[in-house]
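What the coordinates show
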Amino acid sequence: MSLLEINNLGIAFGGLKAVDALNMKIEKGQLYGLIGPNGAGKTTVFNMLTGVYKPTEGRFFLDGENLTGHSPIQINGKGIARTFQNIRLFNDMSILDNVKLGLNNKQTYTVAEGIFRSPRYHREEKAMNEKAMELLEVFDLQEQCDWKAENLPYGKQRKLEIARALATDPKLLLLDEPAAGMNPNETEELMETIRFIRDKFNMTILLIEHDMRLVSGICEQLTVLNFGRELTHGKTAEVLSNPEVITAYLGE
Amino acid sequence: MKKLRTGSKAEAGLKNNLITLAIVVVFFAVAEILVSAGVLGSLFEGLLIPMCYYIIMAISLNLIVGILGELSLGHGGFMCVGAYVGAVFSVLMKSAIPNAGLRYALALILGGLAAGLIGVLIAIPILRLQGDYLAIVTLAFGEIIYKIIQNCYLVSDKNGLHFSFAKPIDASNLDLTSKKDILNGAMAMNGVPRSATVISSLILVVITLIVIFNVIDSRSGRAFKAIRDNRIAAESIGVHITKYKLTAFFISSFFAGIAGVIYAHSNALSANKFNYNMSILILVFVVLGGLGNIRGSIIATMILYALPEILRGFQAYRMLLYAIILIVMMILNNNEKCKAFFSGIWKKRSGKKKEDAR
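Residues numbered from 1 in each chain as written. Chains lettered and ligands numbered in written order. Predicted model: local features only at pLDDT ≥ 70, side-chain atom pairs only at ≥ 80, totals over all residues.

Examining the overall build of chain B
Each helix and strand in chain B was counted, giving 13 helices and three strands. On C-alpha atoms alone, chain B measures out to a radius of gyration of 23 Å, which is about the 21 Å that the 2.2 N^0.38 rule sets for 358 residues. Each principal axis of the C-alpha distribution contributes one length, and for chain B these read about 85 × 60 × 40 Å. Taking all 358 residues of chain B together, 41% fall into the buried category. (Helix = DSSP H or I, 4+ residues; strand = E, 2+ residues; numbered from the N terminus. Rg over C-alpha atoms; globule rule 2.2 N^0.38 Å. Buried ≥ 20, exposed ≤ 12 C-beta atoms within 10 Å, placed from the backbone.)

Rendered as C-alpha cells:
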C-alpha cells in the first residue's frame with residue numbers, strides 16, 4: 001500500500017477548477033516532486049493535503065486512512081507536516097521555542113500544571129528541550145538556539161521551518177519551494193539536507209520546486225501539473241525529457 | 001555545551017522575572033515606609049491600593065493584547081463582574097462568615113471565577129473575529145456588562161432575597177423593618193466591608209505576576225505567542241487555536257475579576273466606573289509599557305496612575321499636562337532616533353564611569 005494515495009482530487013473556486021482529477025501515489029521513503037509552471041495549482045494541492053482548503057471532489061488517503069476534509073490540526077496529528085512558500089516562522093520567538101512548538105502536542109501537562117510547576121512540567125520541559133536541541137543540531141542551528149527567528153539568514157530560516165515541521169513527527173513532509181530565493185551554494189546545501197532527512201528519519205517527502213537543478217538532483221519521481229491538470233508523471237529523467245513538459249515550461 | 005546554553009537562557013528568563021517582582025515589592029515597601037514616616041502625605045497612601053488593582057488589570061490585559069495578540073477593549077467589563085460578584089458575596093455573608101479575612105479570600109476567588117467564566121462565554125462567539133472586529137465586539141460587551149449591572153435591583157428582608165431587573169422592587173411587598181438594599185440600580189453600592197489592605201493587595205499583585213510569568217513560560221504561553229506571530233503556521237503544526245484562545249481569555253479575565261474584587265473592597269462601588277474609559281485607560285498602560293512586556297506594564301501603570309495625583313497642584317492644567325506627558329512617552333518609546341539618542345547618552349555615561357573607576 002502506498003503511503004499517500006490521491007484519488008481524483010479536485011477543487012473549484014466558483015467556476016474555476018484550480019485542480020482537476022489529480023491522481024498520485026507516493027511510496028514510503030520516496031522523494032517525490034510536484035512541478036509545473038506558475039499558477040498550475042501546486043500550492044493548492046498542498047493546501048488540500050493539509051486541510052487548509054476542502055477538496056470539492058475526490059479523496060486522499062494517508063496509510064490507507066481517508067483524511068479528506070479534516071482540519072489542518074487533525075491532519076497534522078495524523079502525520080502530514082508542511083513548510084510554506086513564503087516562510088512562516090514565529091518571528092518574535094527564539095529558535096528553540098519555534099521547534100518546541102512543533103513538539104507542543106506531544107506534551108501532556110495541563111495549564112494548571114504549568115502554573116504550579118508540577119514534576120510532570122519539569123520532566124516534560126526537560127525532555128522537550130533535549131529533543132528540540134537534537135533536531136536543531138541536525139540542521140546545524142544549535143549555536144543560534146536563543147536567537148530570535150527573524151534574525152536568522154534566509155537559508156537558515158528555511159531550515160528552521162523544516163526542523164519545526166519535523167518536530168511534529170510526521171509520516172509525510174510537504175516542502176513548498178524550499179529553494180526559493182536561495183543562492184546556488186545554499187541550494188546545494190539544502191539538497192544535502194533533504195537527502196539527509198530522508199535517510200536519517202526514513203521520511204517520505206513531497207516537494208514543489210522550480211529550481212530544476214534541485215528537482216533533477218534529488219527527486220526520484222515527478223508529477224507535472226499544468227492548468228490544474230496532470231500533464232504527465234514518472235521517473236524524473238524521463239519526465240524532464242518529455243517534449244510536452246518542455247513546451248509547458250518554455251512555451252512554444 | 002548545548003545544555004549550558006539552554007540552561008543559561010532559562011536562568012536569564014527567571015532572573016528577569018525575579019527583578020520584576022523585586023521592583024514591585026521594593027516600590028511598595030519604600031512607599032509604605034515613606035508614608036508611615038510622614039514624608040509622603042496620606043493622599044499618596046490612598047494611591048497604593050488602586051495602584052495594585054491597576055497593575056493586576058494591566059498585566060492581565062497584556063496577556064491578551066501583548067502575548068496572544070488580540071486587541072480587547074472590554075477589560076473593564078470583566079473587572080465589573082468580579083467587583084459586583086465579590087461585593088454581593090461579602091455583603092450577603094457578613095454574618096454567616098464573621099472572619100473578615102476568610103470572607104475576603106472567598107470573595108476574591110468567587111469574583112475571579114465569575115469574571116473568568118464570563119470571559120470564556122464572551123470569547124466563544126468572538127473567536128471567529130480578528131483584529132478590529134474583535135476590538136469592537138469586546139468594547140460592546142464591556143459596555144453591555146456594566147449596563148446590565150446598572151439595571152439590577154437586589155433587596156434582602158427577613159423573607160429572603162428579592163431580585164428585579166430594569167425596575168425597582170415594589171416596596172409594598174417587602175418587610176420594611178428588616179429591608180436592606182444590596183444592589184440599587186445605577187446608585188452606588190454601599191455597605192461593602194473595606195477589607196482590602198495595601199499588604200493583601202500587594203500579595204495579590206505578586207501572585208498574579210508569578211502565575212502570568214509561569215503561564216508565559218509553559219506550553220500554553222508558547223502557543224499564545226505562536227498564534228500571535230503566525231496563526232496559519234501555528235495551525236499547520238497542530239496548535240489548537242480555539243483552546244488556547246479560550247485559556248488566555250479565562251486567565252486574563254480571572255485576574256481582571258480579582259482586581260475588581262479589590263476595587264469593590266476599597267472604594268464606593270458604582271457600575272459606571274467600569275465603562276469604556278476604564279478599559280481604554282488600562283490599554284494605555286499596556287501599550288505605553290510595551291506590548292508583551294510585563295515589567296513595562298507595571299512601570300507604566302505606576303507612573304501614569306500616580307501622575308494625575310502628583311500634578312494636582314497645576315489644577316485646571318492637570319489633564320493637559322497629563323496628555324502632553326503621554327505623548328512625550330509615546331515618542332520616546334517608539335522613535336528610533338530618540339532611542340538611539342538615549343542609548344548613546346547611556347553608553348557614554350557608563351563608559352565614563354568605567355574610565356573614572358580606572
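Past the structure itself, the notes keep going.
Details of the overall build of chain A
Assigned secondary structure in chain A consists of ten helices and ten strands. Scaling as 2.2 N^0.38, a compact globule of 252 residues should have a C-alpha radius of gyration of about 18 Å, and chain A matches this with 19 Å. Judged by the C-alpha coordinates and their principal axes, chain A covers about 65 × 40 × 35 Å. Here chain A holds 252 residues, and the buried ones make up 42% of them. Within chain A, contacts between residues at least 6 apart in sequence are counted, and of these 65% link residues at least 24 apart. (Contact = placed C-beta atoms within 7 Å.)

What to know about the pairing of strand 8 (residues 204-208) of chain A
Where a strand is regular, its side chains alternate between the two sheet faces. All names here are of chain A. The buried fraction of strand 8 is high, at five of five residues. A two-sided burial pattern is seen for strand 8, the buried positions comprising Thr204, Leu206 and Ile208 on one face and Ile205 and Leu207 on the other. As defined by bridge partners, strand 3 (residues 31-35) adjoins strand 8 across four bridges and the pair is classed as parallel. Residue pairing in the sheet places Leu31 in a bridge with Ile205 of strand 8. Inspection of the sheet shows strand 7 (residues 172-176) paired to strand 8 by five bridges, in the parallel sense. Bridged to Asp176 within strand 8 is Ile208. At this point the chain moves from strand 7, through helix 7 (residues 184-201), to the parallel strand 8, and the crossover so formed is right-handed. (Pairing = 2+ DSSP bridges. Right-handed = clockwise from strand over helix to strand, strands pointing away.)

Comments concerning the interface of chain A and chain B
Across the contact, 35 residues belong to chain A and 25 residues belong to chain B. Sorting the residues of the side of chain A that touches chain B by element identifies helix 2 (72-78), strand 6 (80-82), helix 3 (95-102), helix 4 (111-116), helix 5 (119-138) and helix 6 (154-167) of chain A as the ones contributing at least two each. Considering only residue class, the side of chain A that touches chain B consists of 15 nonpolar, twelve polar and eight charged. (Nonpolar A, V, L, I, M, F, W, Y, C, P; charged D, E, K, R; others polar.)

With respect to the environment of Leu161 of chain B
Residues and elements named next belong to chain B. The residue Leu161 is located in strand 2 (residues 160-165) in this model. For Leu161, a count of 11 C-beta atoms within 10 Å gives the class exposed. Beyond its immediate chain neighbours, meaning those up to four positions away, Leu161 contacts Leu154 and Ser156.

A short note on the nonpolar core
As a rule of thumb, nonpolar side chains are buried together in soluble globular proteins. One finds Cys52 and Ile56 of chain B to be the most contacted residues of the largest nonpolar core, which totals 165 residues. When residues of this core are assigned to their parent elements, the largest contribution, 17 residues, is made by helix 2 (residues 42-68) of chain B. Lining this core are residues from two domains, each supplying at least three of them: domain 1 (4-79 + 170-250) and domain 2 (92-156) of chain A. Discounting chain neighbours no more than four positions away, the residues touching Cys52 of chain B are Ser201, Leu202, Leu204, Val205 and Ile262 of chain B. (Core = buried A, V, L, I, M, F, W, Y, C linked by C-beta atoms within 7 Å. Domains from an automatic or database assignment.)

A short note on helix 6 (residues 198-216) of chain B
Residue and element names in this part refer to chain B. A rise of 1.5 Å per residue sets the reference length of helix 6, with its 19 residues, at 27 Å; its end C-alpha atoms lie 27 Å apart and thus fit the reference within 8%. Taken together, the buried positions of helix 6 are occupied by Ser201, Leu202, Leu204, Val205, Thr208, Leu209, Ile212, Phe213, Val215 and Ile216. The arc enclosing the buried residues of helix 6, seen along the axis, measures out at 165°, which places them on a common side. (Expected span 1.5 Å × (residues − 1). Arc of directions from axis to C-beta.)

A few points about the domain arrangement of chain A
All names here are of chain A. Domains assigned within chain A are domain 1 (4-79 + 170-250) and domain 2 (92-156). Using C-alpha coordinates to define each centre, domain 1 is positioned 29 Å away from domain 2. In this complex, domain 1 contributes five residues to the contact, which on the side of domain 2 involves four residues. For the side of domain 1 that touches domain 2, the per-class residue count stands at one nonpolar, three polar and one charged.

Section: the sheet that holds strand 7 of chain A
All names here are of chain A. In space, the six strands of this open sheet follow the order 6-7-8-3-9-10, with mixed pairing throughout. On the outer flanks of this sheet lie strand 6 and strand 10 (229-235), each paired with one strand and no other. Averaged over all neighbouring strand pairs, the angle between strand axes comes to 20°, with direction disregarded. Relative to strand 7, helix 1 (residues 42-49) is tilted by about 145°, and along the sheet it contacts strand 3, strand 6, strand 7, strand 8 and strand 9 (221-226). (Axes fitted to C-alpha atoms, helices over the stretch in contact; angles between N-to-C directions.)

Quick look at unusual backbone geometry
Residue and element names in this part refer to chain A. The backbone of Glu177 sits at a positive phi, close to 45°, despite the residue not being glycine. For Glu177, the position within the fold is in the loop between strand 7 and helix 7. One non-glycine residue, Asn202, lies in positive phi territory at about 50°. The residue Asn202 is located in the loop between helix 7 and strand 8 in this model.

A few points about the sheet that holds strand 1 (residues 152-157) of chain B
Residues and elements named next belong to chain B. Across the sheet, three strands lie side by side as 2-1-3; this open sheet has antiparallel pairing. Both outer strands of the open sheet, strand 2 and strand 3 (180-184), are each paired with one neighbouring strand and no more. Taken pair by pair, the neighbouring strands of this sheet meet at an average axis angle of 15°, ignoring direction. Relative to strand 3, strand 1 runs antiparallel, the two sharing four bridges.

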